[in-house]
Structure formats: C-alpha cells, structure tokens
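Now for the letters of each chain:
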Amino acid sequence: MTTQTTARPVSHTPAMFKFNLRDAGTLIGLLIIVVTFSFLSPVFFTVPNMLNILQQSSINALIALGMTLVIISGGIDLSVGPTAALSAVLGATLMVSGVPVPLAVLATLGIGAMCGIFSGSLIAYAGLQPFIVTLGGLSLFRALALIYTGGSPVFGIPMEFRSLINSALFGIPTPIIIVAVIALVLWTVMNKTPLGEYILAIGGNEEAARVAGVPVKRTKVTVYVISGALASLASLILIGRLGAAEPTIGNLWELDAIAAAAIGGASLMGGKGSIFGTLIGVIILGALRNGLTLMNIQAFYQLLATGLIIIIAMLIDRATRGK
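Just so it is clear, the structure is predicted and the values come from calculations on it, not from any experiment.

Calculation criteria
- Residues numbered from 1 in each chain as written.
- Predicted model: local features only at pLDDT ≥ 70, side-chain atom pairs only at ≥ 80, totals over all residues.
- Heavy atoms only, no water.
- Helix = DSSP H or I, 4+ residues; strand = E, 2+ residues; numbered from the N terminus.
- Buried < 20%, exposed > 50% of the residue type's maximum accessible area, 1.4 Å probe, protein only.
- Contact = heavy atoms within 4.5 Å.
- Patch = residues over 30% accessible without salt bridge, like charges linked within 9 Å, V, L, I, M, F, W, Y side chains within 5 Å.
- Areas by Shrake-Rupley, 256 points an atom, 1.4 Å probe, with all protein chains shown as cover.
- Salt bridge = Lys/Arg side-chain N within 4 Å of Asp/Glu carboxyl O.
- Arc of directions from axis to C-beta.
- Polar contact = N/O pair within 3.5 Å; in protein donor to acceptor, adjacent residues only side chain to side chain.

Asks: I keep staring at the side chain of N60 and nothing clicks. Help me out?
Replies: Summarising the element assignment, N60 is placed in helix α3 (residues 58–72). Judged by its relative accessible area of 12%, N60 falls in the buried class. Not counting residues up to four positions away in its chain, the partners in contact with N60 are D256, A257, A260, V282 and L285.

Here it is as structure tokens:
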C-alpha cells in the first residue's frame, strides 16, 4: 500500500498487502502508543474511545491525505486551513440561504478546488515557490473569510446536513466512512493510475519527468486542486458537527497534516510517501492526544509532543534515505 520512487523487485504478493520497513516502523510506533495508554487508562482501549479517536481524527486525515499528494510531488500547501475556512463560510451561507444541500456541498468543494487552482497555477505556470505561494494563500484566504463574514460565524446550518454528518452506518460514524472511501480512492490513484506515476516522477526528479513527457504543470495543479477540495470536505465535516461556520477555523491544520504525512513516511524532499502511512500517522497523533487528554495532561504539552514527533520522523526519514 506504499508509494515510492525506489525500484522494487517483482513480487507475486498483491500490492495492497505490501509494506515497507518505514510503514512497519510506523505501525510499531502506533502499537507502542496504544499499549502504553491502555495500561495508563482503562478507558483508552475501548471500542467507543477507539471510534472517538478515529472520528476526531477524520478532519486531520482528509487534510493530511491531500497534503501527502502535494508533498510527494515536491510541494507544500500551507493554505489548507484558510481554504477550509473560506469554503466553510461560503458553503454555510449557501445552505442557510436555501440552496439544496447537495448543491451547496458541491459548491463548497468547488471553492476549495478553486483555491487549489489559484495556488497550483502560480506554482506550475508562474514558477513560484510552493512555500511562498501557499504562505501568501494562507493570509489571502483567511482574510477573504474574515472580510466576507465580518469576523462573525455563520449560524443556521440545516438539520438535514447536520444529521447526515453526525449519522452512523453499522455503528461506524459517517466521517470515518468518508475518510476510508477517500483513502481508498487516493491509494488507487497513486498505485494504479498514470497520475500517481506522474506525481511520484515529478517529486523524484522534475526535470527528468519533463524530459520523459510527464505533464508536469498540469499534474502540479491537480495535486493542489485535490488538496483544496479535501480541505473543503474537512470543513464540511466540522460545520456539520458544530452547526455553524466560523471564519477562524483551520488554525494550524497545516501543521497537523504535515506532521501526519511525515510520520507516515512522506519525505519533504518529494518523491516518497504513502497513503497508508499517512493514515497511520493521523491515528498516531489522534491516539497520542486522546491518551494525554485522558491523563489530564495540559494542551501545550500535546503541542510539544507533536513537535517532537515531527523532528523524530524527519530524523528517521533521513536515516532510511542513507543521507
């Protein structure tokens, strides 16, 4: 289930059951966290709490999955939080004004995609650095959300939409199902389609990919469109839970997404990453925060733990690359 640029020997094992050493290490890290907190808190390793961890992690999962594609292509997207905020307030306005929920949802996803087109086009066609473009987008999209709402939340999200987001299928909350479907689609894209090969090739060596005939510019725009659309989808889950859309949502979402992707084995140098690994990274962060909360550890120590995990993940990535 991993995607990487290094050549692998031919194997008769189905691709969906293949794990590399990096993914195995990530799984071991998750197992250590689960076992540790299970001993420290009797509530931790229970079905309701496990579902709670997955549900609470669903927003970060969607953001991180989009971020993973961007990182594999050799880019970065710092604007995912503000993209979610702008999408949320505009989408909520449509719902409140009486636009049918399905149309409002599609429009919300379209807003996120447009933000992705904006950033991706500047990066691909104007040749600007992803860090600078998306840093500018971070301020721009946040400002637009605040200006549009005057800094006030949009209330009155229809119960039809809220009921859908807060529903469950066979006891599994809808957000978890949404993440599972998106992850499966992206895994298929990365492992079974030319687009996945293009993304890996660009991240591994952009000039070589261009010479080989890879549509570099179009592929770059595509990954930012996917990232923006998934940020909008994450915002829809949040406003469905809260019943309101605030222009300030999404603060530091990019940090959590980058952390999850890095923990899962994505290299910030590009050309390497894993959909499966990112999901495990998301669960590691969610389990860590949940466990610390159950132990009444203050929130700023949770930020400390997140930062340390990012640094450790980068050190591991550097070691596994042999640099």
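Asks: Looking at this structure, I do not really get the environment of I199. What am I missing?
Replies: Counting through the fold element by element, I199 comes out in helix α9 (residues 194–204). When the C-alpha atoms of I199 and A183 are compared, they prove to be 16 Å apart, with 16 residues separating the residues in sequence. In this view, I199 contacts L69, I72, S73, M190, T219 and V223; residues no more than four positions away in its chain are not counted.

Asks: Could you clarify how one ought to interpret a nonpolar patch on the surface in this entry?
Replies: The grouping of F300, Y301, L304, L308 and I312 at the surface amounts to a nonpolar patch, some 520 Å² of accessible area in total. With respect to the helices and strands, the residue L304 is situated in helix α14 (residues 299–320). Look at L304 and you get partly exposed, because its relative accessible area is 47%.

Asks: Help me out: how do you make sense of α9 in this one?
Replies: Along an α-helix, a turn takes 3.6 residues, which lines up residues three or four apart on a common side. Of the residues making up α9, those classed as buried are G196, I199, L200, I202 and G203. Buried residues of α9, viewed axially, fall in a sector of 165°; they line one side.

Asks: What exactly am I supposed to notice about the pattern of salt bridges here?
Replies: Opposite charge on two side chains permits them to pair, given that their charged atoms come into close proximity. With the rule as written, the count across this model stands at 4 salt bridges. For the salt bridge of K220 with E206, the shortest nitrogen-to-oxygen distance reads 3.0 Å. Note that K220 is positioned in helix α11 (residues 216–242) and E206 in helix α10 (residues 206–211), a separation of 14 residues in sequence. The residue R210 makes a salt bridge to E207 at a minimum N-O spacing of 2.9 Å. Of this pair, R210 and E207 both sit in helix α10, 3 residues apart, which is roughly one turn of the helix. Residue class for R210 comes out partly exposed when judged on its relative accessible area of 37%. Relative accessible area serves as the criterion here: at 47%, E207 is assigned to the partly exposed category.

Asks: Got a minute to help me understand the side chain of D77 in this structure?
Replies: Within the secondary structure layout, D77 lies in the loop between α3 and α4 (80–96). Polar contacts involving the side chain of D77 include one to the side chain of S79, which spans 2.7 Å. A polar atom in the side chain of D77 sits 2.9 Å from the side chain of S227. The contact partners of D77, leaving out residues within four places of it in the chain, are M67, V70, T134, Y224, S227 and E254.

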